[in-house]
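Residues per chain, in single letters:
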Amino acid sequence: MIFHRLAQQLAELERRGLRRSRLVRQSPQGPRIVVDGKEVLAFCSNDYLGLANHPRIVQAAIEAASRYGVGEGASHLLSGHSAVHERLEAKLAEFVQMPRALLFSTGYQANLGAVTALAGPEDAIFSDALNHASLIDGVRLSRARVVRYPHADLGSLSGALAESDARTKLIVTDGVFSMDGDIAPLPAVLDLCERHDAWLLVDDAHGFGVIGPEGRGTPAHFDLRSPRVVYVGTLGKAAGVAGAFVSGAAEMVETVLQRARTYIYTTAAPAMLAAAVEASLELIREDEWRRERLRKLIAVLRGEMREGERGLAPSDTPIQPLVLGASSEAVRASAALRERGILVPAIRPPTVPEGTARLRISLSAAHSEQEVLRLAAALHEVCRSGVATQA
Ligand SMILES: *Cc1c(COP(=O)(O)O)cnc(C)c1O
(Lines give C-alpha, C1' and ligand atoms only; values in the text may rest on other atoms or scores of the structure.)
Protein backbone atom coordinates (compact mmCIF):
# COMPACT_ATOMS: atom_id res chain seq x y z
CA MET A 1 0.00 0.00 0.00
CA ILE A 2 2.72 2.48 0.86
CA PHE A 3 4.28 1.98 -2.57
CA HIS A 4 0.94 2.33 -4.25
CA ARG A 5 0.35 5.67 -2.54
CA LEU A 6 3.67 7.09 -3.77
CA ALA A 7 2.95 5.94 -7.32
CA GLN A 8 -0.44 7.66 -7.17
CA GLN A 9 1.06 10.89 -5.86
CA LEU A 10 3.72 10.89 -8.59
CA ALA A 11 1.11 10.24 -11.27
CA GLU A 12 -0.90 13.15 -9.90
CA LEU A 13 2.14 15.45 -10.19
CA GLU A 14 2.59 14.28 -13.77
CA ARG A 15 -1.05 14.93 -14.58
CA ARG A 16 -0.88 18.48 -13.22
CA GLY A 17 2.30 19.28 -15.15
CA LEU A 18 4.23 19.59 -11.88
CA ARG A 19 6.55 16.62 -12.10
CA ARG A 20 10.15 17.80 -12.36
CA SER A 21 13.08 16.09 -13.95
CA ARG A 22 16.80 16.71 -14.18
CA LEU A 23 18.92 17.37 -17.21
CA VAL A 24 22.27 15.64 -17.35
CA ARG A 25 25.02 17.93 -18.60
CA GLN A 26 28.27 16.74 -20.15
CA SER A 27 30.00 20.15 -20.21
CA PRO A 28 30.93 22.91 -17.78
CA GLN A 29 28.29 25.50 -16.91
CA GLY A 30 28.09 28.26 -19.53
CA PRO A 31 25.88 29.87 -22.17
CA ARG A 32 26.27 26.80 -24.40
CA ILE A 33 26.06 23.50 -22.61
CA VAL A 34 25.96 19.90 -23.74
CA VAL A 35 22.85 18.03 -22.65
CA ASP A 36 22.19 14.46 -23.77
CA GLY A 37 25.16 14.78 -26.10
CA LYS A 38 23.69 17.84 -27.83
CA GLU A 39 24.76 21.46 -27.53
CA VAL A 40 22.01 23.83 -26.43
CA LEU A 41 21.86 27.57 -25.78
CA ALA A 42 21.04 27.90 -22.09
CA PHE A 43 19.25 30.65 -20.18
CA CYS A 44 18.70 28.67 -17.02
CA SER A 45 21.67 29.15 -14.71
CA ASN A 46 22.37 31.83 -12.13
CA ASP A 47 25.98 32.10 -13.28
CA TYR A 48 25.26 35.76 -14.00
CA LEU A 49 28.83 36.90 -14.50
CA GLY A 50 29.99 33.83 -16.41
CA LEU A 51 32.51 32.86 -13.73
CA ALA A 52 31.50 29.23 -13.08
CA ASN A 53 34.21 27.92 -15.40
CA HIS A 54 36.75 30.75 -15.24
CA PRO A 55 40.35 29.42 -15.57
CA ARG A 56 41.71 31.66 -12.79
CA ILE A 57 39.07 30.38 -10.37
CA VAL A 58 39.58 26.76 -11.40
CA GLN A 59 43.35 27.19 -10.92
CA ALA A 60 42.87 28.66 -7.44
CA ALA A 61 40.78 25.61 -6.47
CA ILE A 62 43.41 23.21 -7.82
CA GLU A 63 46.24 24.93 -5.95
CA ALA A 64 44.28 24.96 -2.69
CA ALA A 65 43.40 21.27 -3.12
CA SER A 66 47.11 20.49 -3.54
CA ARG A 67 47.95 22.41 -0.39
CA TYR A 68 44.99 21.63 1.91
CA GLY A 69 43.57 18.44 0.44
CA VAL A 70 39.92 18.04 -0.45
CA GLY A 71 38.17 17.41 2.87
CA GLU A 72 37.83 19.57 5.99
CA GLY A 73 37.09 16.55 8.17
CA ALA A 74 34.65 18.16 10.60
CA SER A 75 32.65 21.29 11.37
CA HIS A 76 34.32 24.70 11.69
CA LEU A 77 33.84 24.65 15.46
CA LEU A 78 35.11 21.11 16.00
CA SER A 79 38.36 20.99 14.08
CA GLY A 80 38.73 24.57 12.94
CA HIS A 81 39.00 25.64 9.34
CA SER A 82 41.78 26.49 6.92
CA ALA A 83 43.63 29.79 6.71
CA VAL A 84 41.82 30.31 3.40
CA HIS A 85 38.41 30.19 5.10
CA GLU A 86 39.60 32.67 7.71
CA ARG A 87 41.01 35.06 5.10
CA LEU A 88 37.93 34.78 2.89
CA GLU A 89 35.62 35.79 5.75
CA ALA A 90 37.65 38.96 6.25
CA LYS A 91 37.64 39.72 2.51
CA LEU A 92 33.90 39.17 2.17
CA ALA A 93 33.20 41.44 5.15
CA GLU A 94 35.41 44.14 3.69
CA PHE A 95 33.77 43.77 0.26
CA VAL A 96 30.22 44.24 1.53
CA GLN A 97 31.41 46.88 4.02
CA MET A 98 30.29 45.01 7.09
CA PRO A 99 32.21 44.51 10.34
CA ARG A 100 32.23 40.72 10.10
CA ALA A 101 31.22 37.77 7.89
CA LEU A 102 30.66 34.08 8.59
CA LEU A 103 30.93 31.42 5.89
CA PHE A 104 28.27 28.76 5.38
CA SER A 105 28.34 25.78 3.01
CA THR A 106 25.16 26.83 1.19
CA GLY A 107 22.76 29.76 1.05
CA TYR A 108 19.96 27.51 2.21
CA GLN A 109 21.87 26.75 5.38
CA ALA A 110 22.90 30.39 5.86
CA ASN A 111 19.28 31.56 5.79
CA LEU A 112 18.07 28.79 8.06
CA GLY A 113 20.92 29.49 10.46
CA ALA A 114 20.64 33.27 10.56
CA VAL A 115 16.86 33.37 10.96
CA THR A 116 16.74 30.75 13.72
CA ALA A 117 19.71 32.30 15.56
CA LEU A 118 18.11 35.75 15.63
CA ALA A 119 14.46 34.95 16.32
CA GLY A 120 12.75 32.42 18.59
CA PRO A 121 9.29 31.65 19.97
CA GLU A 122 8.96 34.98 21.81
CA ASP A 123 9.81 36.99 18.71
CA ALA A 124 8.10 38.08 15.52
CA ILE A 125 9.26 37.74 11.93
CA PHE A 126 7.86 39.83 9.09
CA SER A 127 8.35 38.03 5.81
CA ASP A 128 7.70 39.15 2.22
CA ALA A 129 5.19 36.84 0.52
CA LEU A 130 7.58 36.10 -2.36
CA ASN A 131 10.61 35.22 -0.25
CA HIS A 132 12.78 32.24 -1.15
CA ALA A 133 11.92 28.82 0.28
CA SER A 134 15.04 28.84 2.49
CA LEU A 135 13.80 31.95 4.32
CA ILE A 136 10.33 30.46 4.66
CA ASP A 137 11.78 27.28 6.14
CA GLY A 138 14.00 29.30 8.50
CA VAL A 139 10.96 31.22 9.68
CA ARG A 140 9.07 27.96 10.32
CA LEU A 141 11.96 26.41 12.20
CA SER A 142 12.38 29.48 14.41
CA ARG A 143 8.87 29.04 15.85
CA ALA A 144 8.58 32.82 15.97
CA ARG A 145 5.25 34.51 15.25
CA VAL A 146 5.09 35.11 11.52
CA VAL A 147 3.52 37.94 9.62
CA ARG A 148 3.66 37.30 5.90
CA TYR A 149 3.15 40.68 4.22
CA PRO A 150 2.02 41.04 0.59
CA HIS A 151 4.98 41.39 -1.79
CA ALA A 152 6.84 44.69 -1.19
CA ASP A 153 3.73 46.17 0.49
CA LEU A 154 5.17 48.79 2.83
CA GLY A 155 1.77 49.84 4.19
CA SER A 156 0.98 46.31 5.39
CA LEU A 157 4.47 45.89 6.79
CA SER A 158 4.29 49.19 8.64
CA GLY A 159 0.88 48.32 10.11
CA ALA A 160 2.03 44.88 11.24
CA LEU A 161 5.17 46.29 12.89
CA ALA A 162 3.13 48.93 14.74
CA GLU A 163 0.79 46.28 16.12
CA SER A 164 3.52 43.92 17.28
CA ASP A 165 4.75 43.88 20.86
CA ALA A 166 7.27 41.10 20.26
CA ARG A 167 10.60 41.17 22.11
CA THR A 168 12.64 41.03 18.92
CA LYS A 169 11.35 41.95 15.47
CA LEU A 170 13.03 40.62 12.36
CA ILE A 171 12.11 41.59 8.82
CA VAL A 172 13.28 39.14 6.18
CA THR A 173 13.32 39.81 2.45
CA ASP A 174 15.06 38.78 -0.73
CA GLY A 175 17.21 41.64 -2.07
CA VAL A 176 16.46 40.65 -5.67
CA PHE A 177 13.43 38.36 -5.89
CA SER A 178 14.49 35.07 -7.38
CA MET A 179 11.55 34.34 -9.66
CA ASP A 180 10.52 37.92 -10.51
CA GLY A 181 13.81 39.77 -10.75
CA ASP A 182 12.51 42.90 -9.01
CA ILE A 183 14.46 44.64 -6.25
CA ALA A 184 13.11 45.02 -2.69
CA PRO A 185 12.38 48.62 -1.60
CA LEU A 186 15.16 48.43 0.98
CA PRO A 187 15.49 52.14 1.93
CA ALA A 188 11.84 52.30 2.99
CA VAL A 189 12.04 48.91 4.72
CA LEU A 190 15.13 49.99 6.64
CA ASP A 191 13.31 53.17 7.65
CA LEU A 192 10.60 51.00 9.20
CA CYS A 193 13.29 48.99 10.99
CA GLU A 194 14.66 52.15 12.57
CA ARG A 195 11.21 53.27 13.65
CA HIS A 196 10.23 49.91 15.14
CA ASP A 197 13.62 48.76 16.42
CA ALA A 198 13.79 45.74 14.11
CA TRP A 199 16.51 43.74 12.35
CA LEU A 200 16.53 43.59 8.56
CA LEU A 201 17.76 40.37 6.99
CA VAL A 202 18.45 40.73 3.26
CA ASP A 203 18.91 37.50 1.30
CA ASP A 204 20.92 38.79 -1.63
CA ALA A 205 21.45 35.51 -3.49
CA HIS A 206 20.69 37.26 -6.79
CA GLY A 207 22.15 40.67 -5.96
CA PHE A 208 25.63 39.80 -4.70
CA GLY A 209 28.16 40.35 -7.50
CA VAL A 210 25.53 41.78 -9.83
CA ILE A 211 23.88 44.82 -8.22
CA GLY A 212 25.48 47.94 -6.80
CA PRO A 213 28.93 49.46 -7.24
CA GLU A 214 31.49 46.70 -7.91
CA GLY A 215 28.69 44.19 -7.37
CA ARG A 216 28.62 44.82 -3.61
CA GLY A 217 24.94 43.96 -3.50
CA THR A 218 21.48 45.42 -3.12
CA PRO A 219 22.07 47.45 0.09
CA ALA A 220 25.13 49.05 -1.58
CA HIS A 221 22.98 49.78 -4.65
CA PHE A 222 20.86 51.99 -2.36
CA ASP A 223 23.93 53.17 -0.44
CA LEU A 224 22.44 51.79 2.79
CA ARG A 225 24.60 51.30 5.83
CA SER A 226 23.13 50.26 9.13
CA PRO A 227 24.09 47.95 11.99
CA ARG A 228 20.53 46.58 11.72
CA VAL A 229 21.22 44.97 8.34
CA VAL A 230 21.95 41.26 8.29
CA TYR A 231 23.35 40.66 4.83
CA VAL A 232 23.31 37.14 3.39
CA GLY A 233 25.27 36.70 0.17
CA THR A 234 25.47 33.42 -1.70
CA LEU A 235 28.52 32.25 -3.61
CA GLY A 236 27.10 29.69 -6.04
CA LYS A 237 25.37 32.17 -8.35
CA ALA A 238 27.18 35.29 -9.62
CA ALA A 239 30.35 34.23 -7.76
CA GLY A 240 30.26 30.99 -9.76
CA VAL A 241 31.42 28.64 -6.97
CA ALA A 242 29.40 27.44 -3.95
CA GLY A 243 28.63 28.51 -0.39
CA ALA A 244 27.29 31.60 1.32
CA PHE A 245 27.98 34.06 4.11
CA VAL A 246 26.09 35.96 6.79
CA SER A 247 27.49 39.41 7.51
CA GLY A 248 26.76 42.42 9.68
CA ALA A 249 27.37 43.70 13.20
CA ALA A 250 30.05 41.71 15.04
CA GLU A 251 27.79 40.60 17.94
CA MET A 252 25.10 39.54 15.52
CA VAL A 253 27.54 37.41 13.52
CA GLU A 254 29.00 35.93 16.71
CA THR A 255 25.45 35.04 17.80
CA VAL A 256 24.86 33.24 14.51
CA LEU A 257 28.16 31.38 14.93
CA GLN A 258 27.22 30.29 18.46
CA ARG A 259 23.60 29.37 17.76
CA ALA A 260 22.99 28.38 14.14
CA ARG A 261 22.55 24.62 13.99
CA THR A 262 23.17 24.67 10.24
CA TYR A 263 26.60 26.09 11.06
CA ILE A 264 27.48 24.01 14.10
CA TYR A 265 26.33 20.60 12.93
CA THR A 266 27.72 20.42 9.44
CA THR A 267 31.12 19.73 7.94
CA ALA A 268 32.99 22.81 6.73
CA ALA A 269 33.09 23.26 2.95
CA PRO A 270 36.47 22.34 1.43
CA ALA A 271 39.27 24.92 1.47
CA MET A 272 39.51 24.66 -2.31
CA LEU A 273 36.03 26.18 -2.59
CA ALA A 274 37.02 29.04 -0.28
CA ALA A 275 40.11 29.62 -2.44
CA ALA A 276 37.94 29.57 -5.57
CA VAL A 277 35.64 32.19 -4.05
CA GLU A 278 38.66 34.30 -3.13
CA ALA A 279 39.73 34.32 -6.80
CA SER A 280 36.15 34.96 -7.88
CA LEU A 281 35.88 37.96 -5.57
CA GLU A 282 38.82 39.59 -7.35
CA LEU A 283 37.14 39.12 -10.71
CA ILE A 284 33.79 40.39 -9.38
CA ARG A 285 35.60 43.54 -8.30
CA GLU A 286 37.84 44.05 -11.31
CA ASP A 287 35.65 43.04 -14.24
CA GLU A 288 33.14 45.87 -14.37
CA TRP A 289 32.66 44.91 -18.03
CA ARG A 290 30.74 41.82 -16.95
CA ARG A 291 28.07 43.92 -15.25
CA GLU A 292 28.08 46.35 -18.18
CA ARG A 293 27.56 43.46 -20.60
CA LEU A 294 24.66 42.22 -18.48
CA ARG A 295 22.99 45.63 -18.54
CA LYS A 296 23.41 45.70 -22.31
CA LEU A 297 21.94 42.20 -22.75
CA ILE A 298 18.99 43.03 -20.51
CA ALA A 299 18.28 46.09 -22.69
CA VAL A 300 18.60 44.02 -25.89
CA LEU A 301 16.13 41.37 -24.67
CA ARG A 302 13.63 43.90 -23.34
CA GLY A 303 13.89 45.89 -26.56
CA GLU A 304 12.80 42.79 -28.51
CA MET A 305 9.94 41.71 -26.26
CA ARG A 306 6.64 43.14 -25.21
CA GLU A 307 6.46 44.33 -21.60
CA GLY A 308 3.71 44.01 -19.01
CA GLU A 309 0.63 41.84 -19.66
CA ARG A 310 1.69 38.78 -21.69
CA GLY A 311 5.19 40.18 -21.94
CA LEU A 312 8.22 40.38 -19.72
CA ALA A 313 7.59 41.33 -16.11
CA PRO A 314 9.25 44.58 -15.01
CA SER A 315 12.84 43.74 -14.06
CA ASP A 316 16.21 45.51 -14.35
CA THR A 317 18.13 42.43 -13.27
CA PRO A 318 19.37 39.38 -15.22
CA ILE A 319 16.23 37.53 -14.09
CA GLN A 320 13.66 38.16 -16.84
CA PRO A 321 10.39 36.29 -16.28
CA LEU A 322 7.73 35.70 -18.91
CA VAL A 323 4.61 34.85 -16.90
CA LEU A 324 2.28 32.47 -18.77
CA GLY A 325 -0.23 31.42 -16.12
CA ALA A 326 -0.99 27.71 -16.23
CA SER A 327 1.76 25.21 -15.46
CA SER A 328 0.95 23.25 -18.61
CA GLU A 329 1.49 26.39 -20.72
CA ALA A 330 4.86 27.08 -19.18
CA VAL A 331 5.91 23.47 -19.68
CA ARG A 332 4.73 23.53 -23.30
CA ALA A 333 6.56 26.79 -24.06
CA SER A 334 9.73 25.48 -22.45
CA ALA A 335 9.50 22.28 -24.51
CA ALA A 336 8.92 24.26 -27.72
CA LEU A 337 12.07 26.30 -27.03
CA ARG A 338 13.96 23.11 -26.32
CA GLU A 339 13.01 21.81 -29.77
CA ARG A 340 14.70 24.93 -31.10
CA GLY A 341 17.85 24.16 -29.14
CA ILE A 342 17.21 26.70 -26.38
CA LEU A 343 16.94 25.90 -22.71
CA VAL A 344 14.66 28.08 -20.57
CA PRO A 345 13.12 26.47 -17.51
CA ALA A 346 9.41 26.46 -16.76
CA ILE A 347 8.87 27.56 -13.17
CA ARG A 348 5.73 26.19 -11.59
CA PRO A 349 3.97 26.21 -8.23
CA PRO A 350 4.90 25.84 -5.44
CA THR A 351 8.05 27.76 -6.48
CA VAL A 352 5.76 30.57 -7.69
CA PRO A 353 2.13 31.36 -6.71
CA GLU A 354 -0.67 29.33 -8.30
CA GLY A 355 -1.64 30.66 -11.75
CA THR A 356 1.68 32.44 -12.35
CA ALA A 357 3.75 29.66 -13.94
CA ARG A 358 6.42 31.21 -16.10
CA LEU A 359 9.50 30.94 -18.21
CA ARG A 360 12.39 32.19 -16.11
CA ILE A 361 14.99 33.59 -18.45
CA SER A 362 18.30 34.28 -16.78
CA LEU A 363 20.98 36.18 -18.61
CA SER A 364 24.71 35.90 -18.14
CA ALA A 365 27.60 38.18 -19.08
CA ALA A 366 28.89 35.15 -20.98
CA HIS A 367 25.98 35.36 -23.45
CA SER A 368 26.52 37.26 -26.68
CA GLU A 369 24.09 39.78 -28.10
CA GLN A 370 23.42 37.39 -31.00
CA GLU A 371 22.45 34.65 -28.58
CA VAL A 372 19.96 36.91 -26.83
CA LEU A 373 18.49 37.94 -30.19
CA ARG A 374 18.15 34.26 -31.08
CA LEU A 375 16.27 33.70 -27.82
CA ALA A 376 13.94 36.63 -28.50
CA ALA A 377 13.18 35.34 -32.02
CA ALA A 378 12.41 31.88 -30.65
CA LEU A 379 10.13 33.34 -27.96
CA HIS A 380 8.19 35.18 -30.64
CA GLU A 381 7.81 31.99 -32.66
CA VAL A 382 6.69 30.04 -29.66
CA CYS A 383 4.15 32.75 -28.84
CA ARG A 384 2.87 33.01 -32.40
CA SER A 385 2.21 29.30 -32.61
CA GLY A 386 -0.18 29.80 -29.72
CA VAL A 387 1.96 28.25 -27.06
CA ALA A 388 2.42 31.32 -24.91
CA THR A 389 -0.63 33.40 -25.77
CA GLN A 390 -3.24 30.92 -24.55
CA ALA A 391 -2.45 31.92 -20.97
C1 LIG B 1 19.55 30.05 -4.47
C2 LIG B 1 18.96 30.83 -3.37
C3 LIG B 1 19.26 30.56 -2.04
C4 LIG B 1 20.04 29.33 -1.65
O5 LIG B 1 21.37 29.45 -1.94
P6 LIG B 1 22.23 28.12 -2.19
O7 LIG B 1 23.62 28.57 -1.98
O8 LIG B 1 21.94 27.70 -3.57
O9 LIG B 1 21.79 27.11 -1.17
C10 LIG B 1 18.78 31.39 -1.06
N11 LIG B 1 18.01 32.46 -1.38
C12 LIG B 1 17.67 32.75 -2.65
C13 LIG B 1 16.82 33.94 -2.93
C14 LIG B 1 18.12 31.93 -3.68
O15 LIG B 1 17.75 32.18 -4.93
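None of these values were measured; they are calculated from a predicted model. (Residues numbered from 1 in each chain as written. Predicted model: local features only at pLDDT ≥ 70, side-chain atom pairs only at ≥ 80, totals over all residues. Heavy atoms only, no water.)

Describing the packing of aromatic side chains
Selection criterion: Put simply, two rings from Phe, Tyr or Trp (the six-membered ring, in Trp's case) pair if the centres are within 6.5 Å, and we call them stacked under 30 degrees between planes, edge-to-face over 60, tilted for the rest.
Considering all chains together, one arrives at 4 aromatic pairs under this definition. Taken together, the ring pairs in this structure connect Phe-95, Phe-208, Tyr-231 and Phe-245 into an aromatic cluster.

Quick look at the packing of helix H7 (residues 154-163) against helix H8 (residues 186-196)
Geometrically, a packed helix pair is captured by the angle between its two axes and the distance between the axes. Worth spelling out the cut-off: In this description, a line fitted to the C-alpha atoms serves as the axis of each element, helices being fitted only across the stretch in contact, and the angle between N-to-C directions of two axes falls anywhere from 0 to 180 degrees. Numbering of helices and strands starts at the N terminus; helices are DSSP runs of H or I of at least 4 residues and strands are runs of E of at least 2. By definition in this entry, angles of less than 35 degrees are roughly parallel, angles greater than 145 are roughly antiparallel, angles of 65 to 115 are roughly perpendicular, and the rest are oblique. When checking whether two residues touch, look at their non-hydrogen atoms; a contact exists if any pair is within 4.5 Å. Amino acids are sorted into nonpolar (Ala, Val, Leu, Ile, Met, Phe, Trp, Tyr, Cys and Pro), charged (Asp, Glu, Lys and Arg) and polar (every other residue, Gly among them).
Packing of H7 against H8 brings their axes to within 11 Å, and their N-to-C directions diverge by 10°. With respect to H8, the axis of H7 lies roughly parallel. Residues Leu-154, Leu-157, Ser-158, Leu-161 and Ala-162 of H7 lie in contact with H8, whose contacting residues are Ala-188, Val-189, Leu-192 and His-196. Its residues assigned to classes, the contact of H7 with H8 comprises 7 nonpolar, 2 polar and no charged.

Quick word on the site of the ligand
The test is simple: Whether a residue is near a molecule or strand is decided by its heavy atoms; if any one of them lies within 4 Å of it, the residue is near. Identification of polar contacts relies on pairs of N or O atoms within 3.5 Å, with a donor-acceptor requirement for protein atoms, meaning one able to donate a hydrogen and the other able to accept it, and with residues adjacent in sequence counted only if both atoms are side-chain atoms. Here, Shrake-Rupley sampling with a 1.4 Å probe gives the accessible areas, and only protein chains in the shown set may cover a residue.
In the region of the ligand, 14 residues are neighbours, and Gly-107, Tyr-108, Asp-203, His-206 and Lys-237 sit closest. Within the backbone of Tyr-108, one N or O atom sits 2.9 Å away from an oxygen atom of the ligand. Within the side chain of His-132, an N or O atom sits 3.3 Å from a nitrogen atom of the ligand. With the chains in place, 82% of the 380 Å² that the ligand exposes on its own is no longer accessible.

What about the pairing of strand E1 (residues 32-35)?
If a strand is regular, its side chains alternate between the two faces of the sheet. Condition: Only protein chains enter the accessibility calculation, which uses a 1.4 Å probe; a residue whose area is less than 20% of its type maximum is buried, one above 50% is exposed, and one in between is partly exposed. Strands are treated as partners if at least two bridges between them are detected by DSSP.
Residues Ile-33 and Val-35 point to one face of E1 and are all buried, whereas Arg-32 and Val-34, pointing to the other face, are not buried. For E1 and strand E2 (residues 38-42), the ladder comprises 4 bridges, and the chain directions are antiparallel. Counterpart to Val-35 in the pairing with E2 is Lys-38. Counted along the chain from E1 to the antiparallel partner E2, the turn is 2 residues long, and its residue Asp-36 has a positive phi close to 50°.

Section: the sheet that holds strand E12 (residues 346-347)
On the basis of which strands lie adjacent, the open sheet formed by 3 strands has the order E10-E13-E12 and antiparallel pairing. Of all strands in the sheet, those bounded by a partner on one side alone are strand E10 (319-325) and E12. Relative to strand E13 (residues 357-362), E12 is paired through 2 bridges, and the arrangement is antiparallel. Among the inter-strand pairings, Ala-346 is bridged to a residue of E13, identified as Leu-359. Packing against the sheet, helix H14 (residues 327-339) makes contact with E10, E12 and E13, and its axis sits at approximately 40° to E13.

Considering the domain arrangement of the protein
Let me state the cut-off plainly: For each domain, the first and last residues come from an automatic or database assignment. Salt-bridge detection follows one rule: a side-chain nitrogen of Lys or Arg within 4 Å of a carboxyl oxygen of Asp or Glu.
Its domain assignment divides the protein into domain 1 (20-49 + 288-389) and domain 2 (55-286). Distance from the C-alpha centre of domain 1 to the C-alpha centre of domain 2: 27 Å. Taken residue by residue, the interface counts 20 residues in domain 1 and 22 residues in domain 2. Linking domain 1 with domain 2 are 1 salt bridge. The partner of Asp-180 in a salt bridge is Arg-358, with the nearest N and O atoms 3.1 Å apart. Inspection of the domain 1/domain 2 interface yields 10 residue pairs in polar contact (both at pLDDT 80 or more). Elements that contribute at least two residues to the side of domain 1 that touches domain 2 include exactly helix H13 (288-304), E10 and E13. It is H13 that contributes the most residues to the side of domain 1 that touches domain 2, 3 residues altogether. Of the residues belonging to the side of domain 1 that touches domain 2, the class tally is 10 nonpolar, 4 polar and 6 charged.

Thoughts on the side chain of Ser-164
Inspection of the secondary structure assignment puts Ser-164 in the loop between H7 and strand E6 (169-174). Only 3.2 Å separates the side chain of Ser-164 from the backbone nitrogen of Ala-166, close enough to count as a polar contact. Every residue in contact with Ser-164, bar those within four places of it in the chain, is listed here: Ala-124, Phe-126 and Lys-169.

Some remarks on unusual backbone geometry
Along the chain, Pro-349 connects to Pro-350 via a cis peptide bond; the corresponding omega equals 5°. Inspection of the secondary structure assignment puts Pro-350 in the loop between E12 and E13. A positive phi angle, close to 55°, is found at Gln-97, a residue other than glycine. Considering the arrangement of structural elements, one finds Gln-97 in the loop between helix H4 (83-95) and strand E3 (100-104). Looking at Gln-97, the relative accessible area reads 38%, which means it is partly exposed. Located in the positive-phi region is Ala-152, a residue other than glycine, with phi close to 60°. If you trace the backbone, Ala-152 turns up in the loop between strand E5 (145-149) and H7. Judged by relative accessible area, which is 31%, Ala-152 ranks as partly exposed.

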